[in-house]
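Overview (structure and organization)
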Amino acid sequence: MLVRAITAPGLRRWCRGRRGAAVACFPLGRALLGVRGAEAAVFLQGLLTNDVTQLVAAGDAPPALYAHALNVQGRCLYDVILYRLHGSTAEEPHILLECDSSVLDSIQKHLKLYKIRRKVTIAPCPDLSPWAVIPGEQPGDASSLPKPADQALLLTPDPRAEVMGWRLIAKKGANLSEIIPGSQVGDVQDYHRHRYKQGIPEGVKDLPPGVALPLESNLAFMNGISFTKGCYIGQELTARTHHMGVIRKRLLPVSFPEPLPGAGIPEGAEILTESGKRAGKFCAGGGELGIALLRLAHVNEPLCVNLGGDRVKLRATTPQWWPKAAVK
């Protein structure tokens, strides 16, 4: 059964707002894990930052949620997107968990460590593929929803930010031009460039396990955390930081106006102000775009990275989709 999480008029309006551009579908280097059973939501509730019980609530339950799994020190272990596959509260809860494919084994072990006697089954879904669906720049027809329900399970707005388009869960080897007429399969590097331009972190390169802090990683801006849900692993530091209201560093999109050295900017490279003060660290990127953890006090200053004696300039920007009061 295809879960149609966006109406056709809504899809048409969004595409018109993107200058009538054709839809590009990007195959992702992400894995899917099925968590199924009567206690699936309650089980995940104690392990993730968001309120997972929303996925099994009666009424207008969201089709997808963004969340992080934290360690006991409150640092990010895994960034995940959760999808509701069951159709109603009368059905057995079935939640699909999307994660970085490189940590699939690790997250399975993490979940099974806390499963204990919960009535849930945890299994990978190698027959399914996650896709990002984002308007491109070429004309085309993107006005209709998926038609062949045997190839697609779910099409839903990306729960992190509107600028990220939709998430599509399809069967492995599905024909995307049949699922979304007029769409084109894009180069996944273009998807990552789009992410970096919008300042959206994803995967272990952007969010190093055991290092990244959820609020510095803009988790609250991306609808990925509940401050009212109750206890979960890593909650104490996160809640204290939120209620103190002091976040001095954030992940921000950065761009390099000049051609980069052949090897590019190494991950973890220190970013400096013109006067030599430490402003932050470069996390990851592609071409002239990237994402960096920067002190907000230096965001509007000229910045640079020193590489082998050469000074490479870069510029940080505040994403337009952020709340207006995000950076004071």
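Keep in mind that what you see is a predicted model, and the values were worked out from it rather than measured.

What to know about the overall build of the protein
Along the backbone of the protein there are 7 helices and 17 strands. Residue pairs at least 24 apart in sequence account for 71% of intrachain contacts in the protein once pairs closer than 6 positions are excluded.

With respect to the packing of aromatic side chains
Taken as a whole and assessed by the stated rule, the structure comprises 3 aromatic pairs. Between Phe26 and Tyr191, the ring centres sit 6.0 Å apart and the planes meet at 40°, which makes this aromatic pair tilted. Taken together, the residues Phe26 in strand β2 (residues 21–27) and Tyr191 in helix α5 (residues 188–198) connect sequence positions 165 residues apart. Side by side, Phe26 and Tyr191 carry an identical accessibility label, which is buried. Between the NZ or CZ atom of Arg160 and the centre of the ring of Tyr66, over which it lies, the distance is 6.0 Å.

Some words on the environment of Gly186
Relative to the helices and strands, Gly186 is located in the loop between β11 (184–185) and α5. In sequence terms Gly186 and Ala132 are 54 residues apart; their C-alpha atoms lie 9.7 Å from each other. Residues contacting Gly186, with those up to four places away along its chain left out, are Cys25, Phe26 and Pro27.

A closer look at the pairing of strand β12 (residues 249–255)
Each regular strand carries side chains that alternate between the two faces of the sheet. For β12, the buried fraction is high: 6 of the 7 residues fall into the buried class. Bridge count for β12 against strand β15 (residues 289–295) is 7 bridges, and the pairing is antiparallel. Directly across from Arg250, in β15, lies its bridge partner Leu294. Summarising the sheet, β12 and strand β17 (residues 310–316) pair through 2 bridges and their orientation is antiparallel. Within the sheet, the bridge partner assigned to Val254 lies in β17 and is Ala316.

Quick notes on helix α3 (residues 104–115)
Between its first and last C-alpha atoms α3 spans 16 Å; for 12 residues at 1.5 Å apiece the expected length is 16 Å, and the two agree. Each element contacted by the buried residues of α3 is listed here: β3 (30–36), α2 (40–45), β5 (76–84), β6 (94–100) and β7 (121–124). Backbone geometry just after α3 places Ile116 at a positive phi near 50°.

A look at the sheet that holds strand β16 (residues 303–307)
Sheet architecture is closed into a barrel: 6 strands sit in the order β12-β15-β14-β13-β16-β17, paired in antiparallel fashion. Along the sheet, successive strands turn relative to each other by an average axial angle of 45°, direction set aside. Sheet contacts for α5: β12, β14 (278–286) and β15; angle to β15, the most-contacted strand, approximately 30°.

Brief notes about the pattern of salt bridges
If you walk through the whole model with that rule in mind, you get 14 salt bridges. In this structure, Glu92 engages Arg36 in a salt bridge whose closest nitrogen and oxygen atoms are separated by 3.2 Å. One end of the pair, Glu92, is in the loop between β5 and β6; the other, Arg36, is in strand β3, and 56 residues separate them in sequence. The exposure class assigned to Glu92 is partly exposed, which follows from its relative accessible area of 44%. A relative accessible area of 38% means that Arg36 is categorised as partly exposed. Measuring nitrogen to oxygen at the nearest pair gives 2.8 Å for the salt bridge that ties Arg167 to Glu98. Taken together, the residues Arg167 in strand β10 (residues 166–171) and Glu98 in strand β6 connect sequence positions 69 residues apart. Accessibility assignment for this pair places Arg167 and Glu98 in one class, buried. A single network of salt bridges, built from pairs that share partners, joins Arg30, Asp79, Glu98, Asp158, Arg160, Arg167 and Glu202.

Observations concerning the nonpolar core
Judged by nonpolar contacts, the single largest core of 58 residues is most densely connected at Leu96, Ile169, Val254, Ile265, Ile271, Leu294 and Trp321. Both domains that meet at this core, namely domain 1 (23–198) and domain 2 (214–316), each give it at least three residues. Setting aside its immediate chain neighbours within four residues, Ile271 contacts Lys277, Arg278, Ala279, Gly280, Lys281, Phe282, Ala292, Leu294, Leu303, Cys304, Val305 and Leu314. In terms of nonpolar packing, the next biggest core, distinct from the first, is built from 28 residues, Ala31, Leu65, Ala67 and Ala69 among them.

Digging into the confidence of the model for the protein
Reading fine detail from the predicted coordinates is not recommended where pLDDT is low. This prediction gives the protein a mean pLDDT of 87; 88% of its residues lie at or above 70. Considering only residues more than four positions removed or in separate chains, one finds that residues 1–20, a stretch of pLDDT under 50, has 46 contacts. In this model residues 138–149 is a low-confidence stretch, pLDDT under 50, and it forms 37 contacts with partners more than four residues away in sequence or in other chains.

Points about unusual backbone geometry
Of note, Ile116 is a non-glycine position whose phi angle comes to about 50°, a positive value. By secondary structure assignment, the location of Ile116 is in the loop between α3 and β7. Within the chain, Asn218 stands out as a residue other than glycine whose phi angle is a positive 65°.

Cut-offs used in this document
- Residues numbered from 1 in each chain as written.
- Predicted model: local features only at pLDDT ≥ 70, side-chain atom pairs only at ≥ 80, totals over all residues.
- Heavy atoms only, no water.
- Helix = DSSP H or I, 4+ residues; strand = E, 2+ residues; numbered from the N terminus.
- Contact = heavy atoms within 4.5 Å.
- Phe/Tyr/Trp six-rings, centres within 6.5 Å; stacked < 30°, edge-to-face > 60°.
- Buried < 20%, exposed > 50% of the residue type's maximum accessible area, 1.4 Å probe, protein only.
- Lys NZ or Arg CZ within 6 Å of the ring centre and 35° of its normal.
- Pairing = 2+ DSSP bridges.
- Expected span 1.5 Å × (residues − 1).
- Axes fitted to C-alpha atoms, helices over the stretch in contact; angles between N-to-C directions.
- Salt bridge = Lys/Arg side-chain N within 4 Å of Asp/Glu carboxyl O.
- Core = buried A, V, L, I, M, F, W, Y, C linked by side-chain atoms within 4.5 Å.
- Domains from an automatic or database assignment.
- pLDDT = per-residue confidence, 0-100.

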